[in-house]
2 protein chains.
Amino acid sequence: MAPGVSHMCPASRASIFPHRHTRALWPCLPTVFRSWAIKEMIIFVQCPGEVVEAPGSWRGPAEGLRLLKVGGKHLGDLSFPELRGISNLFSAYCRRAFVPWDVLMIRGTHQVWQYKSRTLKEFISFCICKIGGCHRSFIGGRSVLTAAGCQITVNTYFYSTRFSSGTSASLCQGVMKGLLTRCRALPALATCSHQLSQYAPQRFHHCAPGRGKRLMLSRMFQPQKLREDQVLSLEGRSGDLTCKSQRLMLQMGLIHPASPGCYHLLPYTVRAMEKLVRVIDQEMQTIGGQKVNMPSLSPAELWRATKRWDSMGRELLRLRDRHGKEYCLGPTHEEAITALVASQKTLSYKQLPFLLYQVTRKFRDEPRPRFGLLRGREFYMKDMYTFDSSPEAAQLTYSLVCDAYSSLFNRLGLRCIKVQADVGSIGGMVSHEFQLPVDVGEDRLVVCPSCHFSANMETLDSSRTNCPACQGPLTETKGIEVGHTFYLGTKYSSIFNAQFINVHGKPSLAEMGCYGLGVTRILAAAIEVLSTEDCVRWPGLLAPYQVCLIPPKKGSKEEAAAELAGHLYNHITEAVPQLQGEVLLDDRTHLTIGNRLKDANKLGYPFVIIAAKRALDDPAHFEVWCQNTGEVVFLTREGVLELLSQVQVV
Amino acid sequence: MAPGVSHMCPASRASIFPHRHTRALWPCLPTVFRSWAIKEMIIFVQCPGEVVEAPGSWRGPAEGLRLLKVGGKHLGDLSFPELRGISNLFSAYCRRAFVPWDVLMIRGTHQVWQYKSRTLKEFISFCICKIGGCHRSFIGGRSVLTAAGCQITVNTYFYSTRFSSGTSASLCQGVMKGLLTRCRALPALATCSHQLSQYAPQRFHHCAPGRGKRLMLSRMFQPQKLREDQVLSLEGRSGDLTCKSQRLMLQMGLIHPASPGCYHLLPYTVRAMEKLVRVIDQEMQTIGGQKVNMPSLSPAELWRATKRWDSMGRELLRLRDRHGKEYCLGPTHEEAITALVASQKTLSYKQLPFLLYQVTRKFRDEPRPRFGLLRGREFYMKDMYTFDSSPEAAQLTYSLVCDAYSSLFNRLGLRCIKVQADVGSIGGMVSHEFQLPVDVGEDRLVVCPSCHFSANMETLDSSRTNCPACQGPLTETKGIEVGHTFYLGTKYSSIFNAQFINVHGKPSLAEMGCYGLGVTRILAAAIEVLSTEDCVRWPGLLAPYQVCLIPPKKGSKEEAAAELAGHLYNHITEAVPQLQGEVLLDDRTHLTIGNRLKDANKLGYPFVIIAAKRALDDPAHFEVWCQNTGEVVFLTREGVLELLSQVQVV
């Protein structure tokens, strides 16, 4: 960065535009502007490979608008050198000093509608406005040439800032004046043409949910269609990938190996996980859960107090800091939370129960990490810890958390079995696991078909073949543990002295429970259970995107339907607000519809909508693939909107 | 858990109630039921310390409703032993076998309104309904005795499940019948009275945002009003806490020390942080950011490749796994992301730029962690990494990310300075810091008042006293670094060979940038800058709760206004949907309004609303304290709603 430039530019775009209005597309600009009086406006226009020769004109209800400059021609108050200066300043600011900028300066008090030019084909623009008392800047993106031939529609992004703070108080006070003054001091820069279309127009296609912009599949960071041998080499293994979810998640670009048992979660998976966390938050907060966040670095002395520093053995990942102090990376947080609650010295029985939970990374040094996200060394877990004033209350809390877990799995459409389980290293008196029955599961379960007894085999005498409750025969199955609950009693509260003042005014030990959900494991387990051999399937609520919209192939007979697909995209996000950010446009129009449909099927969008031949009927009909019911239907726009308005999004 | 019971109970409450309806309070139950035909309903009622003697009656438009049983008396189809059996089963199910349950069984096809009884004072209830073809269960909470004396209003929680999956297929098929059949086989359990009010009625006061339930301050896990000496002992230090945000956050129960430089984030802080992350997501996704999630365990070989394994020295927290393989805990992720992008072998220039970011915990072994969340060893950071196809494109991306940062800080109302900065251990060619000017800041900055040059002192010759741009005098200030941006060029992409296919079909190295925001640090820095010596102040968008509602003191002259406060609570959450989950009721009515107002002032709710004497006027007037403007106004209900409808919530 040239030192002569850097100090004056940063602030010129530093600030805020009222958040609501940033959602607007360029076509909505007049609406935005209508609410404030525009005083002045400078628009910088860059035309790759050609010079703007002809003045344009503004169409729309723009009374009082006065076009001062276009294409370098002087049409108003400002002299050419001044505008040249602004153009150069902006070029320098954008670090693209050798591209010619054309400047349009407009003064007026009303509205801007559309700029028409005979020659502009593609441009990027930057615009500074004085609206009311403060200045705002906009940067607009790719323009398209409509059928009419000359009409600019900025249709891909709209970004805005306001000059108000940052380094430059004077810019805030009088941007326009300051800019012009400073421009005069800049040496004129040489200009030359430059093809920008390689990068500038391709920005910002992947946007925020709810911002009304289109999400383009071609822009996703997501390696697809890897062959099985490529996947194997990713994992650095020569053996088989015995687990479907692992293979599919690697092949479809949902995860990528970082080190043994550790994975990068790629954008689709992050979206699914964030949805899962929202469902978990809802269920936990419904039963009174309060969310906390405890560090991963867990001091050794806490673990020595419960003797788990030794008993957890090599599963604990241990380290020392620069002062030699020992820590482990928390695989679970009974010690930490109990010490935290114990530090609250004035706790009353009236405040209990506390249901405290977090969703954080956990660490376990698995001897043999495997099956992708099903058994990793670093994973996300929801862990809840409850504190009650009596065993009875604690057991009621235990029931409620179990119910919340059942409710969660039911909302996800996962048929879990709750089985009696071993308390393992956590300890306590009662424990249950929530198991998702599937062949790849590492837990062996028994269920009694007649009396509904169910248990993890490790809790039973291995020679037992009949049900301890009704003596009937037991059926064996395998499962993936996705949740685990423990009634702990005072095991931890007695060690850390986690007390409350009871109804008689005396200190009393809190009765505890702890409850885990494997967050990343639930994602993988759901994919394991729901997917086919080649196609990922998600619980509907967790699908990263609900809708994939496929326009026709470029150059095909149906190409005219592309515009209809674009309109349908807008209609969906306008008419079905919960689908904002959930509709992906498969803009890889160099591929046939069939090829893209195949990809969409593999990625498991709940709804795939194709604009093909029948979209050219009157009224237009769209082909809708409903992945979860297996139906394919042809629907009008209204039919599509009605169908999609039923979709639940978390 | 008694083995004879556990196998039949879990499924009886396992499942889902259509999500939307769980938002309803008990008073809305009729509305829920109206949409389905109720076939049968069993209500279990438990009365602590007393037996229900008298039959109750159902009020409301309950045509066709038939009360079969109340207080153990036979009023309908079912014989006493059957109902006793259900009661016992439910007692056993709740693990509270020695508490008497009374059972009401109702058959009908219409609506339920309110149950009236002469004797019930407090109860907990559980209810199984057959609605349409499937069974649903509800569990209701604390009942209150209204002024009328005998009216039950379940006003604290409403929780529901549907019998459809889980262990028990037969329960799903015919719950009611199955339950009754099985009840007969249970031995009658001894029953005795038991005082439940200590725990059962006090549940579920802290509920999910958006679920229409009241948030009660008394239930928050949040130690308050710690004296400075208590705070000091928390930190295990004898010295001064030199930093206001650290002291306030400890005193107000926002954070709690876990180990040096590591903090538990308590519920208020977690809420504020989640809001901050949402704002960050919006800003990053507006410029095309895609969210990923990379492990904390970072293999040593990556860091050796860039030579940072050695150059980062003791700032890296290092560990070995059970196989002796070396890792560090990632303080930043240039190595990991570059290796990830390098693994995508078919990247085209058409796909670029990629703007990949994550919000995760980072680790840095600070020699002397201090100032609470301002300089910790484990903290949350947003780190973005960008990949472009040319230096020009990368520099445009750099500008855009800087703009997004400016926009973020402006939305938070934090006046940051963007200064030129040293590239440090990250490297690269250009770097800027976003500094929040404050005395406690550890960075020394210079700014030039005349030309807006600004820089971190460490980038300048220490003898320099004049501005390198305009030669004017420089002003010195201190700042907290809240953001840092780097234009990296090909420093990392050349090491890991992160290439793309350029427009000429040849492989070319990606141009990179990296960009950090200190998430937990921004929270603490904002509190540092905005708070007074005794009172926490938040950026409006990040306040954990927007509104605190204070009803009159119990037993005071204004006590009658308590009901109005309750109604106002409901009106706010109904009329201003974005405030669902944002309104906290300070139900500690044993305290005076003055005391509670003082607490509210310390915690910094943007709006504190008091129902006192003037709430008894006609129309009622509420006292509204607007923390951010310092105004105190008396408003009618409509006035309050209008004021609050302006509040922005993220």
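See the structure shown above.
Let us look at the structure shown here. (Residues numbered from 1 in each chain as written. Chains lettered and ligands numbered in written order. Predicted model: local features only at pLDDT ≥ 70, side-chain atom pairs only at ≥ 80, totals over all residues. Heavy atoms only, no water.)

## Section: the overall build of chain A
Line of reasoning, step 1. For chain A, the count of helices and strands is 16 helices and 34 strands.
Line of reasoning, step 2. Counting over 650 residues, chain A shows a buried share of 62%. (Helix = DSSP H or I, 4+ residues; strand = E, 2+ residues; numbered from the N terminus. Buried < 20%, exposed > 50% of the residue type's maximum accessible area, 1.4 Å probe, protein only.)

## Looking at unusual backbone geometry
As a rule of thumb, non-glycine residues mostly have phi less than zero, and peptide bonds are mostly trans rather than cis.
Residues and elements named next belong to chain A.
Line of reasoning, step 1. Geometrically, the link from Asp 618 to Pro 619 is a cis peptide bond, its omega value of 0° lying close to zero.
Line of reasoning, step 2. Positionally, Pro 619 belongs in the loop between strand 32 (607–610) and strand 33 (622–626).
Line of reasoning, step 3. In the Ramachandran plot, Gln 471 falls in the positive-phi region, its phi being about 65° despite a non-glycine side chain.
Line of reasoning, step 4. With respect to the secondary-structure elements, Gln 471 resides in the loop between strand 25 (454–456) and strand 26 (475–489).

## Comments concerning the pattern of salt bridges
Line of reasoning, step 1. Inspection of every chain in the model, using the stated rule, returns 48 salt bridges over all chains.
Line of reasoning, step 2. Here Glu366(B) ties to Arg375(B) by a salt bridge, and the two come within 3.1 Å at their closest N and O atoms.
Line of reasoning, step 3. Judged by relative accessible area, which is 22%, Arg375(B) ranks as partly exposed.
Line of reasoning, step 4. Counted as one network, the salt bridges with shared partners bring together Glu366(A), Arg370(A), Arg375(A) and Glu442(A). (Salt bridge = Lys/Arg side-chain N within 4 Å of Asp/Glu carboxyl O.)

## Here's the deal with helix 7 (residues 267–286) of chain A
All names here are of chain A.
Line of reasoning, step 1. For helix 7, which comprises 20 residues, the first-to-last C-alpha distance of 29 Å matches the rise-based estimate of 28 Å (1.5 Å per residue) to within 8%.
Line of reasoning, step 2. The buried count for helix 7 comes to 17 of 20 residues, which makes it a mostly enclosed element.
Line of reasoning, step 3. The positive-phi residue at the C-terminal boundary of helix 7 is Gly 288, with phi of around 95°. (Expected span 1.5 Å × (residues − 1).)

## Things to note about the packing of aromatic side chains
Line of reasoning, step 1. Under the criterion given, the structure shown has 12 aromatic pairs over all chains.
Line of reasoning, step 2. A centroid spacing of 5.0 Å and a plane angle of 75° characterise the contact between Phe354(A) and Phe221(B), whose relative ring orientation is edge-to-face. Of this pair, Phe354(A) sits in strand 20 (residues 354–363) while Phe221(B) is found in the loop between strand 13 (215–216) and helix 5 (228–235), placing the two residues in two different chains.
Line of reasoning, step 3. Note on Phe354(A): relative accessible area 1%, which makes it buried.
Line of reasoning, step 4. By relative accessible area, Phe221(B) is classed as buried at 1%.
Line of reasoning, step 5. Counting every residue linked through ring pairs, the aromatic cluster contains Tyr268(A), Tyr545(A) and Tyr605(A).
Line of reasoning, step 6. Sitting over the face of the ring of Tyr545(B), Arg271(B) holds its NZ or CZ atom 4.2 Å from the ring centroid.
Line of reasoning, step 7. The positively charged end of Arg318(B) is found above the aromatic ring belonging to Trp309(B), 4.6 Å away from the centroid. (Phe/Tyr/Trp six-rings, centres within 6.5 Å; stacked < 30°, edge-to-face > 60°. Lys NZ or Arg CZ within 6 Å of the ring centre and 35° of its normal.)

## Overview of the sheet that holds strand 17 (residues 297–299) of chain A
All names here are of chain A.
Line of reasoning, step 1. Strand order in the open sheet made by the 3 strands is 17-19-18, with antiparallel pairing throughout. Only two strands of the sheet have a single neighbouring strand rather than two, namely strand 17 and strand 18 (317–320). Direction aside, the axes of adjacent strands within the sheet are offset by 40° on average.
Line of reasoning, step 2. Pairing analysis gives 4 bridges linking strand 18 to strand 19 (residues 326–329), with the strands arranged antiparallel. Directly across from Leu 317, in strand 19, lies its bridge partner Leu 329. (Pairing = 2+ DSSP bridges. Axes fitted to C-alpha atoms, helices over the stretch in contact; angles between N-to-C directions.)

## Side note on the pairing of strand 34 (residues 631–635) of chain A
Residues and elements named next belong to chain A.
Line of reasoning, step 1. Bridge count for strand 33 against strand 34 is 5 bridges, and the pairing is antiparallel. Of the residues in strand 34, the one forming a bridge with Val 624 is Val 633.
Line of reasoning, step 2. Count of turn residues in the strand 33/strand 34 antiparallel hairpin: 4 residues, of which Gly 630 carries a positive phi of about 80°.

## Re the sheet that holds strand 30 (residues 547–550) of chain A
Across a sheet, strands are paired by hydrogen bonds formed along the backbone, either parallel or antiparallel in direction.
All names here are of chain A.
Line of reasoning, step 1. Spatially, 13-31-30-32-33-34 is the arrangement adopted by the 6 strands of the open sheet, whose pairing is mixed. Among the strands making up the open sheet, the edge pair consists of strand 13 (215–216) and strand 34.
Line of reasoning, step 2. The pairing of strand 30 with strand 32 spans 4 bridges and is classified as parallel. Of the residues in strand 32, the one forming a bridge with Ile 550 is Ile 610.
Line of reasoning, step 3. Sheet strands in contact with helix 14 (residues 561–575) are strand 13, strand 30, strand 31 (583–585), strand 32 and strand 33, and its direction is about 165° off that of strand 31. (Contact = heavy atoms within 4.5 Å.)

## Some words on the nonpolar core
Line of reasoning, step 1. Among the nonpolar cores identified, the biggest contains 101 residues, and Phe409(A), Tyr605(A) and Ile609(A) are the most heavily contacted of them.
Line of reasoning, step 2. For this core, the element with the highest residue contribution is helix 7 of chain A, accounting for 9 residues.
Line of reasoning, step 3. Not counting chain neighbours up to four residues away, the residues in contact with Ile609(A) comprise Val547(A), Cys548(A), Leu549(A), Ile550(A), Leu568(A), Ile572(A), Phe622(A), Glu623(A), Val624(A), Val640(A) and Leu644(A).
Line of reasoning, step 4. Listed in part, the 100 residues of the second largest apolar core include Cys243(B), Val438(B), Leu603(B) and Phe622(B). (Core = buried A, V, L, I, M, F, W, Y, C linked by side-chain atoms within 4.5 Å.)

## Focus on helix 13 (residues 519–530) of chain B
Residues and elements named next belong to chain B.
Line of reasoning, step 1. For helix 13, which comprises 12 residues, the first-to-last C-alpha distance of 17 Å matches the rise-based estimate of 16 Å (1.5 Å per residue) to within 8%.
Line of reasoning, step 2. Burial runs high along helix 13: 9 of the 12 residues are buried.
Line of reasoning, step 3. Looking at helix 13, one finds that the buried residues are Val 519, Thr 520, Ile 522, Leu 523, Ala 524, Ala 525, Ala 526, Ile 527 and Glu 528.

## Some details on the side chain of Glu528(A)
Residues and elements named next belong to chain A.
Line of reasoning, step 1. Summarising the element assignment, Glu 528 is placed in helix 13 (residues 519–530).
Line of reasoning, step 2. The side chain of Glu 528 is buried and forms no salt bridge, while Lys 244, the nearest opposite charge, is found at 5.1 Å.
Line of reasoning, step 3. Ignoring anything within four residues of it in the chain, the contact list for Glu 528 reads Cys 243, Lys 244, Ser 245, Leu 374, Val 438, Val 440 and Ile 480. (Lys, Arg positive; Asp, Glu negative; His and termini not counted.)

## Concerning the environment of Phe221(B)
Line of reasoning, step 1. A sequence separation of 47 residues divides Phe221(B) from Tyr268(B), and the C-alpha atoms of the two residues are 9.1 Å apart.
Line of reasoning, step 2. Discounting residues that sit within four places of it in the chain, Phe221(B) has contacts with Gln290(A), Leu340(A), Val341(A), Gln344(A), Phe354(A), Leu356(A), Leu266(B) and Pro267(B).

## As for the packing of helix 7 (residues 267–286) of chain B against helix 13 of chain B
Residues and elements named next belong to chain B.
Line of reasoning, step 1. Where helix 7 contacts helix 13, the two axes come as close as 10 Å, and the packing angle between them is 115°. Between helix 7 and helix 13, the crossing angle belongs to the class labelled roughly perpendicular. Judged by the twist between their axes, the crossing of helix 7 over helix 13 is right-handed. Residue-level inspection shows Thr 269, Ala 272, Met 273, Leu 276, Val 277 and Ile 280 of helix 7 in contact with helix 13, the latter providing Val 519, Thr 520, Ile 522 and Leu 523. (Parallel < 35°, antiparallel > 145°, perpendicular 65-115°, else oblique. Left-handed = near helix turned anticlockwise from the far one by under 90°.)

## Digging into the environment of Ala526(B)
Residue and element names in this part refer to chain B.
Line of reasoning, step 1. Relative to the helices and strands, Ala 526 resides in helix 13.
Line of reasoning, step 2. With relative accessibility at 1%, the residue Ala 526 sits in the buried group.
Line of reasoning, step 3. Separated by 90 residues in the primary sequence, Ala 526 and Leu 436 have C-alpha atoms spaced 8.6 Å apart.
Line of reasoning, step 4. Discounting chain neighbours no more than four positions away, the residues touching Ala 526 are Leu 414, Leu 436, Ser 531, Arg 537 and Pro 539.

## Description of the side chain of Asp365(B)
Line of reasoning, step 1. Tracing the chain through its elements places Asp365(B) in the loop between strand 20 (354–363) and strand 21 (378–388).
Line of reasoning, step 2. When its relative accessible area of 2% is taken as the criterion, Asp365(B) is described as buried.
Line of reasoning, step 3. If we ignore the near neighbours within four places in the chain, the residues touching Asp365(B) are Asp321(A), Arg322(A), Arg314(B), Glu315(B), Leu317(B) and Arg377(B).

## Some words on the pairing of strand 19 (residues 326–329) of chain B
All names here are of chain B.
Line of reasoning, step 1. In this structure, strand 17 (residues 297–299) lies alongside strand 19, joined through 3 bridges in antiparallel fashion. Within the sheet, the bridge partner assigned to Pro 299 lies in strand 19 and is Tyr 327.
Line of reasoning, step 2. Remark: 5 residues form the turn of the hairpin made by strand 18 (residues 318–320) and strand 19, two consecutive strands paired antiparallel; Gly 324 in that turn has positive phi of roughly 85°.

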